[in-house]
Amino acid sequence: MSECCTEIEAIRRQSGSQLLILGHQYQGPDVLAHVDVIGDSLELARKAAASSAERIVFCGVHFMAESADILTRPDQHVYMPETGAGCPMADMADASAVDRAWSFLRRNGDGWLPVVYVNSTATVKAFCGKNGGSACTSSNAPRVFQWALKQDRKIFFLPDIHLGINSAHDLGIPDEETAIYDYRRPDGGLSAADLHRSRILVWGGFCPIHVNFTVADVQAARSNWPDAKIIVHPEAPKEVVRMADAHGSTSQIITYVRNAAPGSTIVIGTESQLVKRLASEFKDRLSIRMLKGSFCPNMAKTNETNLLRVLRDWPDRNRVRVAQYLAADARLCLERMLSL
Ligand code: 13P
Ligand code: SF4
């Protein structure tokens, strides 16, 4: 065991239940060796909400640590080993652009309800909470969409174009009833008539990691491993999702692998660190292949060295604090999701 490793473990033992370390499934094995809970973004949000630890260290990306701060008490403090680990998709929904889009929608009817992917800033979550909407993750997006549709509302979904389109399709909503809001164009490049015919409006953001998967990759996998099953994350483009045998969030992909028949081959289209771990964990039972290598460089910013630094020194700059004026509305948005 390295010196760094020994020291982290000693601090964990001394801190007992006052310290909770959470690790997203996309973290590397050296970081995951030191966490109390490994999970996807929904599971980790639930753990943070249920925890009474004084200090929570989030090994993931910034929006996840913000959600933990929003869901915990003011006397619980949330830290990240590297606060520069962001999510480019979350940054594609800038708060002022979202406000402009909302004014445009409201000028054209009042049936809209915002649903925001947890991969979004606290400001966008606060906007959603204030306007009666809910957060969702890739695990529960279709369920949250159903909740909104049952209220006879139209959904304004942000920021992931692909999760939005794929979730609408999962519910049997025809593509013609889903419109795309191009945030780089005035009024999203849409007319009042476009809004009128749409039940779902999806923001044009995307994940640079999952958008890498292509139809050609699926065709190559089918030719390389003709008996394999292919499963992809719903942040992948719709053409890829519709060609695959299955699609699902991080935890749904893990369940699919666990339930696979021994001896089978599974090709996975999601972040590479997770696929590598599953391949090694199940190597005696399954053959697990990558649809294509696609690492999240932001997830990789957390390592044993910066984890130890935060646990030893608790620098203020590593604390993630959501401003008071946003926290109450952002909490409403997350709590609605957790109650569904
Ligand atoms: P999950 O919601 O599946 O954990 O995914 C988070 C994420 O960032 C996917 O790219
Ligand atoms: Fe964001 Fe994509 Fe990285 Fe997930 S994999 S944290 S969506 S950039």
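Description of the structure in this document. (Residues numbered from 1 in each chain as written. Chains lettered and ligands numbered in written order. Predicted model: local features only at pLDDT ≥ 70, side-chain atom pairs only at ≥ 80, totals over all residues. Heavy atoms only, no water.)

### Here we look at empty space enclosed by the protein
Taken as a whole and judged by the stated rule, the model has one cavity of 30 Å³ or more. One number sums up the size of the largest cavity: a volume of about 60 Å³. Taken together, Ser-41, Leu-44, Ala-45, Phe-58, Phe-63, Met-64, Ser-67 and Val-118 make up the full set of residues lining the largest cavity. The set of elements that each furnish at least two residues to the lining of the largest cavity consists of helix H3 (41-50) and helix H4 (62-71). Grouping the amino acids of the lining of the largest cavity by side-chain chemistry returns six nonpolar, two polar and no charged. (1 Å grid on protein atoms, 1.4 Å probe; cavity = no way out; pocket = protein on both sides within 12 Å on 5 of 7 lines; lining within 4 Å. Points joined across faces, edges and corners; volume = space filled by probe spheres on them. Helix = DSSP H or I, 4+ residues; strand = E, 2+ residues; numbered from the N terminus. Nonpolar A, V, L, I, M, F, W, Y, C, P; charged D, E, K, R; others polar.)

### Some details on the pairing of strand S13 (residues 287-290)
In regular strands, side chains alternate between the two faces of the sheet. Inspection of the sheet shows strand S12 (residues 265-269) paired to S13 by four bridges, in the parallel sense. Pairing of Val-267 across the sheet is with Arg-289, part of S13. Viewed along the sheet, the connection from S12 through helix H14 (residues 272-281) into S13 turns out right-handed. (Pairing = 2+ DSSP bridges. Right-handed = clockwise from strand over helix to strand, strands pointing away.)

### What to know about the packing of aromatic side chains
Considering all chains together, one arrives at nine aromatic pairs under this definition. Among the aromatic residues, those joined into a ring-pair cluster are Trp-102, Phe-127, Phe-156, Tyr-181, Tyr-183 and Trp-203. When the ring centre of Tyr-183 is taken as origin, the NZ or CZ atom of Arg-184, which lies over that ring, is 5.0 Å away. (Phe/Tyr/Trp six-rings, centres within 6.5 Å; stacked < 30°, edge-to-face > 60°. Lys NZ or Arg CZ within 6 Å of the ring centre and 35° of its normal.)

### Notes on the nonpolar core
The biggest cluster of nonpolar side chains holds 93 residues, and the ones touching the most others in it are Phe-156, Phe-157, Leu-201, Trp-203, Ile-268 and Leu-278. Ranked by residue count, the leading element in this core is helix H16 (residues 324-339), at seven residues. Contacts of Phe-156, omitting those with residues within four sequence positions, involve Ala-101, Trp-102, Leu-105, Trp-112, Leu-113, Pro-114, Val-115, Phe-127, Leu-201 and Trp-203. Listed in part, the 16 residues of the second largest apolar core include Cys-4, Leu-19, Val-35 and Trp-314. (Core = buried A, V, L, I, M, F, W, Y, C linked by side-chain atoms within 4.5 Å. Buried < 20%, exposed > 50% of the residue type's maximum accessible area, 1.4 Å probe, protein only. Contact = heavy atoms within 4.5 Å.)

### Here's the deal with the site of ligand 2
Every residue near ligand 2 is listed here: Tyr-26, Val-61, Cys-87, Pro-88, Met-89, Asn-119, Cys-207, Ile-209, Glu-235 and Cys-296. Using a 2 Å cut-off from the grid points, one finds that ligand 2 occupies the largest pocket. For the shell around ligand 2, the residue count by class is eight nonpolar, one polar and one charged. (Near = heavy atom within 4 Å. Sits in = over half its atoms within 2 Å of the grid points.)

### Structural notes on unusual backbone geometry
Of note, the bond from Leu-158 into Pro-159 is cis; its omega dihedral lies within 30 degrees of zero at 0 degrees. The topology assignment puts Pro-159 in the loop between strand S7 (154-158) and helix H9 (161-170). A positive phi angle is found at Asp-152, which is not glycine, with a value near 65 degrees. Looking at the secondary structure, you find Asp-152 in the loop between helix H8 (141-150) and S7. Judged by its relative accessible area of 72%, Asp-152 is exposed.

### Concerning the pairing of strand S10 (residues 229-232)
Where S10 lies against S12, four bridges are found, and the strand directions are parallel. By the bridge assignment, Val-232 is partnered in S12 with Gly-269. Sheet topology places S10 next to strand S11 (residues 246-247); two bridges connect them, and they run parallel. Directly across from Val-232, in S11, lies its bridge partner His-247. Since S10 and S11 lie parallel, the crossover through helix H12 (residues 238-243) that links them has a hand, and here it is right-handed.

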